[in-house]
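Fold and geometry: a report
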Amino acid sequence: MNTVKFIGMDVHKNSITIAIAEEGSRDPVRVYGAINNDFEALDKFCRKMVSTASELHFVYEAGPCGYGIHRHLTGKGFSCMVAAPSMIPKKSGDRIKNDTRDAKTLARLHRAGELTAIYVPDTQDEAMRDLSRAREDAVVAGRKAKQRLNAFLLRHGITYSGKTKWSKAYFNWLSDIAMPHPAQQIAFQEYIDAVHESLDRIERLTEQIRQMVPAWRLADVVEALQAARGVSLIVAVTLLSEIGDLNRFQHPRQLMAYLGLVPSEHSSGGSIKRGGITKTGNSHARRALIEAAWAYRMQPRVSRVLIKRQENLSDPVRQVAWKAQLRLCAKYRRIMAKGKPKQVVITAIARELSAFLWAIAKQLQPVT
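Residues numbered from 1 in each chain as written. Predicted model: local features only at pLDDT ≥ 70, side-chain atom pairs only at ≥ 80, totals over all residues. Heavy atoms only, no water.

Notes on the layout of surface pockets
Reported here for the largest pocket is a volume of approximately 710 Å³. Along its surface, the largest pocket is lined by 24 residues, and Ala-84, Ile-118, Tyr-258, Gly-281 and Asn-282 are the ones closest to its centre. Those elements that place two or more of their residues in the lining of the largest pocket are helix 4 (123–155), helix 9 (252–258) and helix 10 (283–293). Here the lining of the largest pocket gets 3 residues from one element, more than from any other, and that element is helix 4. Of the residues contributing to the lining of the largest pocket, the split by class is 11 nonpolar, 9 polar and 4 charged. The computed volume of the second largest pocket comes to approximately 480 Å³. Around the second largest pocket sit 17 residues that line it, and Lys-90, Asp-94, Arg-101, Asp-102 and Thr-105 are the ones nearest its centre. The element best represented in the lining of the second largest pocket is helix 3 (residues 99–112), accounting for 7 residues. Looking at the lining of the second largest pocket, its residues break down into 6 nonpolar, 1 polar and 10 charged. (1 Å grid on protein atoms, 1.4 Å probe; cavity = no way out; pocket = protein on both sides within 12 Å on 5 of 7 lines; lining within 4 Å. Points joined across faces, edges and corners; volume = space filled by probe spheres on them. Helix = DSSP H or I, 4+ residues; strand = E, 2+ residues; numbered from the N terminus. Nonpolar A, V, L, I, M, F, W, Y, C, P; charged D, E, K, R; others polar.)

Examining the packing of aromatic side chains
Taken as a whole and judged by the stated rule, the model has 12 aromatic pairs. Ring plane angle 50 degrees and centroid distance 6.2 Å describe the contact between Trp-166 and Phe-171, whose orientation is recorded as tilted. Since its relative accessible area comes to 23%, Trp-166 is described here as partly exposed. One aromatic cluster is present, built from ring pairs that chain together Tyr-160, Trp-166, Tyr-170, Phe-171 and Trp-173. Across the ring face of Tyr-119, the terminal group of Arg-248 is positioned such that the distance to the ring centre comes to 3.9 Å. (Phe/Tyr/Trp six-rings, centres within 6.5 Å; stacked < 30°, edge-to-face > 60°. Buried < 20%, exposed > 50% of the residue type's maximum accessible area, 1.4 Å probe, protein only. Lys NZ or Arg CZ within 6 Å of the ring centre and 35° of its normal.)

Section: the nonpolar core
Core analysis: the biggest nonpolar cluster contains 57 residues, and Leu-225 and Leu-357 have the highest contact counts within it. Broken down by secondary-structure element, the contributors of at least two residues to this core are helix 4, helix 6 (182–212), helix 7 (219–225), helix 8 (233–243), helix 10, helix 12 (315–337) and helix 13 (342–362). Considering every element that reaches this core, the biggest residue donor is helix 13, with 11 residues. The residues contacting Leu-225, other than those within four sequence positions of it, are Val-231, Ala-236, Leu-240, Leu-246, Leu-357 and Ile-360. (Core = buried A, V, L, I, M, F, W, Y, C linked by side-chain atoms within 4.5 Å. Contact = heavy atoms within 4.5 Å.)

Take it as geometry only, folks, not as evidence of what the structure does.
This is the structure we're talking about:
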């Protein structure tokens, strides 16, 4: 029995809709039906399929249900792809979408080899990613809490005359403010407490990341990436937890494309038109890299903080980091002199910075 079956799965919280396509067959894709979204029902389905085929190739779209199905099936020895939703070919005139059609489309395209797989992190990488994203969510919540407090003060015509907000002096100034009505004072204090709680939460999560990194398989790469200017512990952890081992990219251009930092293009015939960056791939890693790129606005120098980061690193890693400073700082000034918008310049710096980080990771032994 040499039958090879491609099994498309449309996965939801409580159910999995399944469609089956056979290799080399001209028969239409067959709809199997829906099963419960649990491993017991999935194992039962696999036992039925194993008796009718020599090979089974599963596929489902990446989504909120995570990678549990992928890990379960690969652990059983089956081939399973998690397809990138943005890379699935779609007919422009197709306006009907349901679970059955989605499962059939996945099975048919998987048989044709037209699907693009996403990178599936291992359990430890995913755990670090969850922790870094929790901190990112805390930062967003803290920013919103500060905005609400600022809006409250603005409504009541209260303005801070100091230079720096959110400092100890600023919070002391807030504690001296007395609102004219008790209800307003209560609301004011709640806004202040919300800011304090968000700052404490960010600090707690940052400390947990700092404690978890030494036991991570990518701890050496995290330390090495911090040799680059602008790449703090949080930036390094965010990049590696979202992307994984940088050595899996054969060329830095692949990393740039994965981060969505390459220009989009719409060319036809002799006409070549390039637009803004594609913004495909991982937005969390791209955002962290662009934040790091702002450090290259200033002149090249190895600060005291950077010396401390680099003290246990090899000479080749330090040389790549210094080369990045010389090149990227000069590039920033050169492009700014052409009158380009600052955001465009920073994006170009971030794109090239990703290549230097890839080179730093290459200096280390491949991670297994």
